[in-house]
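Single-letter residue listing:
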Amino acid sequence: MRYFIGNKMIGSEHYKLATVQECLEYFKDIEEPELDTETTGLCCHVDNLLCIQIGTPDRQYVIDTGVIDVQVFKPLLEDPTKTFLLQNAKFDIKFFMKHGIHISNVYDTMLVECLLTAGDENRSVSLATQCKNYLGVDLDKTIRANIQIEGLTDRVIVYSAEDVRYLTPIKAIQMEKVKELQLEEVVKLENDVVKVFADMEFHGVLVDQKVWLDVADTTEKGVESLTKELDKIVETDPKLIRYVPDVVQGNLFGFEERKLNINWGSNNQKLNILRDAGVKLDSVGDPVLQKLKSAHPLVPVLINLSKQAKLVSSFGRDFLKHVNKKTGRIHPNYWQILHTGRISVKEPNVNQIPSKGELATIIRSAFIPRKGYKIVGGDYSGMELRIIAEFSKDPLWVKAFAEGGDLHSILCAATFGIPIEDVKKPFPEKPTVKYRDVQKTINFGLAYGMSKFKLADTMQIPVDKADEIIKKFFSVVPKVEGFLNGLGNLGKQRGFIRTGRPFRRIRFFPQWKESMSQSPRAGKLAGEIERRSKNSPIQGTNGDVIKVALVMTHKAIKEEGWPVKILLSVYDELQTECKETHCEAWKDRLDELMIEAAEVVIKNTPIVVDCAISDYWQK
DNA sequence: CAATCGTGCGCG
DNA sequence: AAAGCGCGCACGATTG
């Protein structure tokens, strides 16, 4: 039965009228109410609630928030004994936060669907798909686009009610699968951490636009001068004469204009010009150009240009479009569950803000705290390498962390049989790199399932030599080899792989069946599964850790009353904004919390967190 | 004209 | 049988 609470005088054949009192009374004893909202748009800061829907499979209440003050539902929504069922809870939570309402506990059907389908590239986690697959019900989503235009008409009321009534049966079916797959712990983790992401997104982070625009000026000028440099080289190379126009158009305004109409941003044009200049290549990507630095004077300039052009296009003045008109802050959007369990971010993707290169420090310094606050950040040191230590139990690898030495240097000395003082000496096969750099490539690369071919290519050494190095390396850390091969085989045999305890998140390999068949693609697919099986538990366990850290930090801030907001979650790193007066104490507490969080998963390997207080985001 | 694909590159 | 994992974003080229 559907009920409407608003200012309509009569009900309809589709719904009855009800009062707030009746609604609150009904939900007094309901432990898991279904919840949803309709809004005037997607942004919680500029758009508003149109209605909220609270329901059970038997009864759905659609409440017109234009007429009814949402505050009357605050006690219900904040009732800690209840768990609210939502699809994509983060969205609704943020709209309630705007009204100072903080929903107690949530179960998010979308997040659980992500966990149950991790690895499937063609999946859909929409409510419509879940209704279809689990219940055989077709939801009419065509009305949604019209809600803002037509308001709470009868058919919109029906649509809105339908959007909540299936959440209970969906949860029931999902939880059977969750139990079967032993995903209870990770379901709880994701449903807890979604509230933290909502909080982070709502709060956002401040960007100093002056600093940002200064950097943009610098990078734009850089692109301009590199372009001129490239043009000049083309003009002076007889082989490239056909790119120089015979007649140069006059310029009425007397500005200096480019004579050539080459677009140096076009990979096609770059490729053709370099080929005409006598350079043999089939791509203009950085790894290829690096090897051809001395093949033609254009090449080194092109390398610099693509770096500089990237800074302009991705981190130039256009980036400021992400500053919210209402709040003056950026509000990155987190996607909580990738196939491995990692998080991604968009609009803007704060994960990919430059951290290397000369301008990186300045770019990051544009991310600043509110007035009267400082940025306090914590960064897990070598988390993926510690996860390898924890799960492989390799004596040398473990010993390196136990003694607090530099893992890359210790392993390097062992692999190449050299004294540890010599690890920064040139690598004889390729003197431009150091022994330790080779080791770093191996340490990270092997966790991705890298082959001798790739190592040879990356290091520019013969395949035989690469093979020899890998063999020697695995002979000094045999349990790491066993660990990685074990994962690879497990994934290939079972068609799925898990992260470590206690979460044991699953990633499925939908291509598994074909990989076991006579298909011509079988070998390729098996290789894919093998490499992903090696990497997913490492990357995913890292994701598990950072999510525990977010939950614990958020909880401590609330329960211990810290004047702190979590700003960003970037891979191994948490950035917070803390009142100046509390920075020192908070820094110590954050350090403790992050270590405690990691120890939920990593029990036998020491955890190191680098914490810092600063006036901006620093690495 | 917009939608989609391919390439390249920022981060870990 | 191919040969390093996981992303989001911008741009140019292609397609509808």
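Preceding block: the structure.
It should be emphasised that the depicted structure is a prediction, and the values quoted were computed from it without experimental measurement. (Residues numbered from 1 in each chain as written. Chains lettered and ligands numbered in written order. Predicted model: local features only at pLDDT ≥ 70, side-chain atom pairs only at ≥ 80, totals over all residues. Heavy atoms only, no water.)

## Things to note about the pattern of salt bridges
Convention followed: By convention in these notes, a salt bridge is any Lys or Arg side-chain nitrogen within 4 Å of a carboxyl oxygen on Asp or Glu. Per the convention used, a helix needs a DSSP run of H or I reaching at least four residues, while a strand needs a run of E reaching at least two, with both numbered from the N terminus.
For the coordinates displayed, the defined rule picks out 42 salt bridges. Note that K90 is salt-bridged to E201, the shortest N-O span being 2.6 Å. With K90 in helix 3 (residues 89–97) and E201 in helix 9 (residues 184–203), this pair connects stretches of sequence that are 111 residues apart. Put simply, E514 and R521 hold a salt bridge, and the shortest N to O gap is 2.8 Å.

## With respect to the sheet that holds strand 20 (residues 609–614)
Rule in force here: When DSSP locates at least two bridges between a pair of strands, those strands are taken to pair. Lines fitted to C-alpha atoms define the axes, with helix axes restricted to the stretch in contact, and inter-axis angles between N-to-C directions lie between 0 and 180 degrees. In what follows, residue pairs with any heavy atoms lying within 4.5 Å of each other are defined as contacts.
Here four strands make up an open sheet; going across it, the order is 18-19-13-20 and the pairing antiparallel. One side of each edge strand has no neighbouring strand; the edge strands of this open sheet are strand 18 (564–570) and strand 20. Taken pair by pair, the neighbouring strands of this sheet meet at an average axis angle of 20°, ignoring direction. Pairing geometry for strand 13 (residues 373–380) and strand 19 (residues 573–579), over seven bridges, is antiparallel. Among the inter-strand pairings, G378 is bridged to a residue of strand 19, identified as L574. Running at roughly 175° to strand 18, helix 23 (residues 522–560) makes contact with strand 13, strand 18 and strand 19 of the sheet.

## A few points about the pairing of strand 13
The criterion, for reference: In this scheme, a residue with accessible area under 20% of its type's maximum is buried, one over 50% is exposed, and one in between is partly exposed, where area comes from a 1.4 Å probe on protein chains only.
In terms of residue burial, strand 13 counts as a mostly covered element, since six of its eight residues are buried. Across six bridges, the pairing between strand 13 and strand 20 is antiparallel. Its bridge partner lying in strand 20, D379 is registered against D610.

## A look at the sheet that holds strand 8 (residues 205–207)
Reading across from one edge, 9-8-12 is the order of the three strands in this open sheet, with antiparallel pairing throughout. In this open sheet, the two strands that pair with only one neighbour each are strand 9 (329–330) and strand 12 (367–368). With two bridges connecting them, strand 8 and strand 12 associate as antiparallel partners. Bridge pairing links V207 to F367 in strand 12.

## Observations regarding the environment of E599
In this structure, E599 sits in the loop between helix 24 (583–598) and strand 20. The sequence separation of E599 and V545 amounts to 54 residues, and the corresponding C-alpha distance is 8.5 Å.

## Notes on the protein's contact with DNA strand B
The cut-off we apply is this: For this purpose, a residue is taken to be near a molecule or strand whenever a single non-hydrogen atom of the residue falls within 4 Å of it. For this analysis, a polar contact is any N or O atom pair within 3.5 Å, provided that within protein one partner can donate a hydrogen and the other can accept it, and provided that sequence-adjacent residues contribute only side-chain to side-chain pairs. Residues are sorted three ways: Asp, Glu, Lys and Arg are charged, Ala, Val, Leu, Ile, Met, Phe, Trp, Tyr, Cys and Pro are nonpolar, and all the rest, Gly among them, are polar.
Inspection of the region around DNA strand B gives 20 residues, with V284, D286, Q352, S355 and Y571 positioned closest. A breakdown of the atoms of DNA strand B within 4 Å of the protein gives sugar and phosphate a share of 76%. The separation between a phosphate oxygen of DNA strand B and a polar side-chain atom of K307 is 3.5 Å. The contact in question runs from a base nitrogen of DNA strand B to an N or O atom on the side chain of R342, over 3.1 Å. Its residues assigned to classes, the surface near DNA strand B shows five nonpolar, eight polar and seven charged.

## Looking at the protein's contact with DNA strand C
The full set close to DNA strand C counts 35 residues, and E347, S451, K454, R507 and R532 are the nearest of them. Within the side chain of S266, one N or O atom sits 3.0 Å away from a phosphate oxygen of DNA strand C. A distance of 2.9 Å is found between a phosphate oxygen of DNA strand C and a side-chain nitrogen or oxygen belonging to R531. Of all elements in the fold, only helix 13 (298–315), strand 11 (344–346), helix 18 (435–446), helix 19 (452–459) and helix 23 reach the threshold of two or more residues within the surface near DNA strand C. Ranked by the residues each element gives to the surface near DNA strand C, the list is headed by helix 23, at five residues. Residue composition of the surface near DNA strand C, grouped by class: eight nonpolar, 18 polar and nine charged.

## What to know about the nonpolar core
Just so we agree on the cut-off: We call a set of buried residues a nonpolar core when its members are Ala, Val, Leu, Ile, Met, Phe, Trp, Tyr or Cys and they connect through side-chain atoms within 4.5 Å of each other.
I63, F73, W212, F367, Y380, W397 and W586 are the most contacted members of the largest nonpolar core, which totals 155 residues. Among the elements that take part in this core, helix 23 stands out by supplying eleven residues, more than any other. The contact partners of F73, leaving out residues within four places of it in the chain, are V20, C23, L24, I52, I54, I63 and I68.

## Things to note about the packing of helix 21 (residues 478–494) against helix 23
As a reminder, the rule being used: Each angle gets one of four labels, with under 35 degrees taken as roughly parallel, over 145 as roughly antiparallel, 65 to 115 as roughly perpendicular, and the rest as oblique. Here a crossing is taken to be left-handed if its near helix is turned anticlockwise relative to the far helix by less than a right angle, and right-handed if that turn runs clockwise.
Direction vectors running N to C along helix 21 and helix 23 enclose 125°, while the axes themselves pass 8 Å from each other. In terms of orientation, helix 21 lies oblique with respect to helix 23. Between helix 21 and helix 23 the crossing geometry is right-handed. On helix 23, the residues touching F483, L484, N485, L487, G488, G491 and K492 of helix 21 are A526, I529, E530, S533, K534, P537 and I538. Class assignment of the residues belonging to the contact of helix 21 with helix 23 gives a composition of seven nonpolar, four polar and three charged.

In short, geometric facts, not functional conclusions.
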